[in-house]
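The primary structure of each chain is shown beneath.
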Amino acid sequence: MTQTIAPRVRTLVLLILAVAGALLAGAAPVSAHAALTGSDPAQGAVVAAAPSQVSLTFSEPIAVGDDSVRVLDPKGERVDKGDPANPSGTTYSVRLVSGLPDGTYTVAYQVVSADSHPVAGAFTFSIGAPSETTVSVSAQGSDDGLVGWLYGFGRYVSYAGFVVLAGGAAFVLACWAPGARVRAVQRLVVSGWLALTAATLGLLMLRGSYTTSGKVGDVFDLELLGDVLQTKTGAALVSRLLLLAAAALFIAVLFGAYARTADAVEPDRDAEDDGGGDGGGDDGGPDKRDLTFGLALGGTVVAAGLAASWAMSEHASQGLQAGVAMPVDVVHLLAVATWLGGLTALLVALYRAPVETPVGRDAVRRFSRLAFGSVVTLAVTGVYQSWRQLGSWSAFTDTRYGQLLLVKIALVAVMVAVAFLSRRWTQRLADARVSEAAEEAERTEATERAEEAVRAEEAVRTKEAERTEATERAEEAVRAEEAVRTKEAVRAEATERAEEEKQPAGTAPAEASGTSEVSEASMAVEPPKASDAFDAFDAEKAKAGQDSVRAAQLARQRAAAEAARQKRLRDADPNCFGLRRSVLAEAGIAVVLLAVTTVLTQTEPGRTEQDARAATAASSSASATGQGSGAVSLTMPFDTGGKSGKGVVSIDLDPAQAGDNALHVYVEGPDGTPVDVPEVKIALTLAAQNIGPLPVAPDHVTTGHWSASRVQIPMAGDWKVEVTVRTSDIDQVTVSKNAQIG
């Protein structure tokens with residue numbers, strides 16, 4: 001039967017791997033998690049005056065570098081200066097050179113979101129009027145090429161390795177202690193450790209190129225690797241490697257000291273009894289229980305740490321309720337590993353466990369209960385994560401994240417249905433084992449009776465042999481006694497002959513002749529020699545040795561025949577075959593489920609995608625009405641009269657509408673470099689309505705940069721913006737310009 005199903009198993013595995021590969025291949029183009037939700041100037045906007053900076057607002061914090069944001073003029077020349085700054089929240093800005101001519105400008109950005117994924121894009125705005133020619137900049141991210149595909153594949157392998165490592169070890173400790181002695185299970189867990197370690201090292205090497213250029217040649221750039229180690233994701237990968245070193249020690253103890261204490265065969269017990277103890281089915285002494293408890297505690301800590309290396313650097317670390325989402329994500333990953341990894345270990349045990357170490361029905365029942373608890377945990381944590389990442393019911397169907405989540409939910413539902421079938425096969429197997437045990441008991445009793453009859457027959461034969469030996473000994477004693485009597489007769493005759501020598505000589509020959517005959521007769525009867533007895537003993541000993549060798553050979557043959565019989569029974573048992581087939585189906589669905597989960601972690605959350613769409617729609621609507629973003633930029637030279645008292649102050653007011661506004665102040669020296677001054681104050685006045693001056697005290701952000709948020713402008717009109725710049729304790733000046741608000 002094994003030969004019959006082997007091709008089907010191979011075909012199923014190939015189909016599963018093909019589906020997983022197809023899912024992974026389509027994951028890279030949607031890997032961004034932070035989205036551009038706004039810009040100033042807005043995408044496609046036409047502004048009257050040249051802005052002093054370009055601001056980008058994202059859905060979550062991002063990491064920026066020297067060339068993360070570039071602004072190109074119509075000829076393709078860069079017109080940005082300085083590094084990008086983060087004036088407030090999730091808004092990032094880059095300064096522009098002064099005196100920009102009219103035309104269409106291109107803004108290209110390539111940043112890294114806080115959940116570790118690269119984000120790239122480009123848009124245009126115009127000054128005065130759109131130019132006839134614009135610069136074309138590709139918005140393709142660094143994660144769209146070979147490096148991006150390798151990085152996605154590495155993420156899948158790392159998830160799979162963690163699931164097999166943590167779930168396989170949990171299956172051995174909680175469900176099937178004898179599995180620690182099974183080579184196939186040992187190889188499975190060690191393979192999970194090797195896969196996770198290799199994938200983590202690969203991700204660490206690929207990370208620099210993945211978030212910057214996307215070139216294969218930059219994978220081995222040590223400078224990029226150093227930059228990666230200073231990021232949150234790099235720290236998480238290094239922490240994972242350190243935890244894997246502790247996991248290696250855990251594996252050594254699990255398959256070393258713990259395996260030596262585990263029984264080769266775990267006896268099946270009733271369902272009422274198998275829930276006690278340590279859950280692994282061992283009834284060892286205090287030392288073994290302490291070892292099991294230590295391994296369970298240490299393994300849980302290491303597994304939670306490994307899960308935290310994902311939770312602290314990806315989705316859960318950003319967005320709503322990050323403090324709650326991260327521990328929930330750790331629990332979610334542990335539940336996934338316990339269910340899917342334990343299922344993989346069970347599948348390996350059912351197909352590869354030796355006959356002398358079979359998987360008992362109690363081990364399957366314990367895993368069934370453990371898997372049920374994991375599924376419940378997954379449901380609870382999954383509902384919370386879905387609400388956090390989607391935010392609305394429409395996101396299930398309107399966003400790619402929601403669509404993938406529906407696929408994942410469907411796969412989980414199918415797995416639960418197949419698991420229900422596995423539970424039915426387990427119950428049937430248990431019932432069959434009970435009847436088989438009764439039949440085995442009857443066969444054992446009959447065998448014992450037959451052995452007793454054989455032993456009785458052998459006892460009878462032994463007694464007969466003893467009687468025969470006693471008879472032979474008695475006959476030998478009689479022959480010895482007759483020999484003694486013959487010697488005594490010879491002595492008596494010799495004595496008589498000596499007495500007759502006194503008679504006449506004529507009778508001597510006859511007597512001599514008689515004496516000679518008697519002497520010959522006495523010599524003819526001799527006792528048995530000792531050498532004959534030793535020869536007989538050696539022959540019996542050799543015969544006994546041959547019998548013992550023969551008995552040993554027969555014992556080995558009987559053992560081999562019994563093992564072959566058990567294997568045939570295991571392979572021919574329809575209940576066992578049904579259980580193996582259903583578990584194989586579960587494992588196949590689990591492979592696809594893990595691939596979907598990997599793609600899901602690389603997909604922009606539905607909440608973020610919908611927010612980005614709304615922002616884009618609002619920007620397009622504003623551009624269509626000719627309002628643009630409404631931002632106002634003012635540039636005013638100043639001279640306080642003191643030393644280093646000359647410079648230029650720039651004011652940006654966004655969106656320059658009635659209500660809340662964001663205000664940015666930039667101070668530069670005569671050479672255009674940012675400079676700090678002791679104090680900058682702003683005042684807003686609407687003379688037509690006798691409103692003001694309204695004071696604004698901006699906060700210092702960085703060299704030459706101040707900002708203020710939620711600046712309230714009560715109504716539209718021609719407002720006077722006054723800026724007071726103080727360059728020393730006594731040197732200050734106030735400059736002003738008017739700005740149209742609304």
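To be clear, the structure that these remarks concern was listed above.
Residues numbered from 1 in each chain as written. Predicted model: local features only at pLDDT ≥ 70, side-chain atom pairs only at ≥ 80, totals over all residues. Heavy atoms only, no water.

Draft legend 1. Geometry of the packing of aromatic side chains. Tallied over the full model, the rule gives eleven aromatic pairs. A ring pair is formed by Phe-58 and Tyr-109, whose centres lie 5.6 Å apart and whose planes are at 75 degrees; its orientation type is edge-to-face. Of the two residues, Phe-58 is situated in strand 3 (residues 53-58) and Tyr-109 in strand 8 (residues 103-113); the sequence distance between them amounts to 51 residues. The same class applies to Phe-58 and to Tyr-109, which are both buried. The interplanar angle of 75 degrees and the centroid separation of 5.8 Å between the aromatic rings of Phe-171 and Phe-367 together place this pair among those described as edge-to-face. Residue Phe-171 is located in helix 2 (residues 146-174), and its partner Phe-367 is located in helix 9 (residues 361-390); the two are separated by 196 residues in the primary sequence. On the accessibility criterion, Phe-171 (1% relative accessible area) is buried. Overall, Phe-367 belongs to the buried group, its relative accessible area being 6%. Through a chain of ring-to-ring contacts, three or more aromatic side chains come together here, namely Phe-58, Tyr-92 and Tyr-109. (Phe/Tyr/Trp six-rings, centres within 6.5 Å; stacked < 30°, edge-to-face > 60°. Helix = DSSP H or I, 4+ residues; strand = E, 2+ residues; numbered from the N terminus. Buried < 20%, exposed > 50% of the residue type's maximum accessible area, 1.4 Å probe, protein only.)

Draft legend 2. Seen up close, a nonpolar patch on the surface. A grouping of Leu-146, Trp-149, Leu-150, Phe-153 and Val-216 is seen on the molecular surface, where their side chains present a nonpolar patch of about 450 Å² in accessible area. Turning to its location among the elements, Leu-146 is positioned in helix 2. (Patch = residues over 30% accessible without salt bridge, like charges linked within 9 Å, V, L, I, M, F, W, Y side chains within 5 Å. Areas by Shrake-Rupley, 256 points an atom, 1.4 Å probe, with all protein chains shown as cover. Salt bridge = Lys/Arg side-chain N within 4 Å of Asp/Glu carboxyl O.)

Draft legend 3. Geometry of the pattern of salt bridges. Under the criterion given, the structure shown has ten salt bridges. As a salt-bridge pair, Asp-80 and Arg-78 come within 2.7 Å of each other at their nearest N and O atoms. We classify Arg-78 as partly exposed; its relative accessible area is 38%. Between Arg-461 and Glu-457 there is a salt bridge whose closest N-O contact spans 2.6 Å. Of this pair, Arg-461 and Glu-457 are both found in helix 11 (residues 400-500), four residues apart, which corresponds to roughly one turn of the helix.

Draft legend 4. Structural context of the nonpolar core. Core analysis: the biggest nonpolar cluster contains 73 residues, and Phe-162, Leu-165, Trp-176 and Leu-254 have the highest contact counts within it. Considering each element in turn, this core owes the most residues, 14 residues, to helix 8 (residues 322-352). (Core = buried A, V, L, I, M, F, W, Y, C linked by side-chain atoms within 4.5 Å.)

Draft legend 5. Inspection of the sheet that holds strand 13 (residues 679-686) at higher detail. In spatial order, the strands read 14-13-17-18; together these four strands make up an open sheet with antiparallel pairing. The two strands at the open ends of the sheet, each matched to only one other strand, are strand 14 (691-696) and strand 18 (732-741). The mean angle between the axes of side-by-side strands here comes to 20 degrees, regardless of whether they run parallel or antiparallel. Taken together, the ten bridges between strand 17 (residues 717-726) and strand 18 define a ladder with antiparallel strand orientation. (Pairing = 2+ DSSP bridges. Axes fitted to C-alpha atoms, helices over the stretch in contact; angles between N-to-C directions.)

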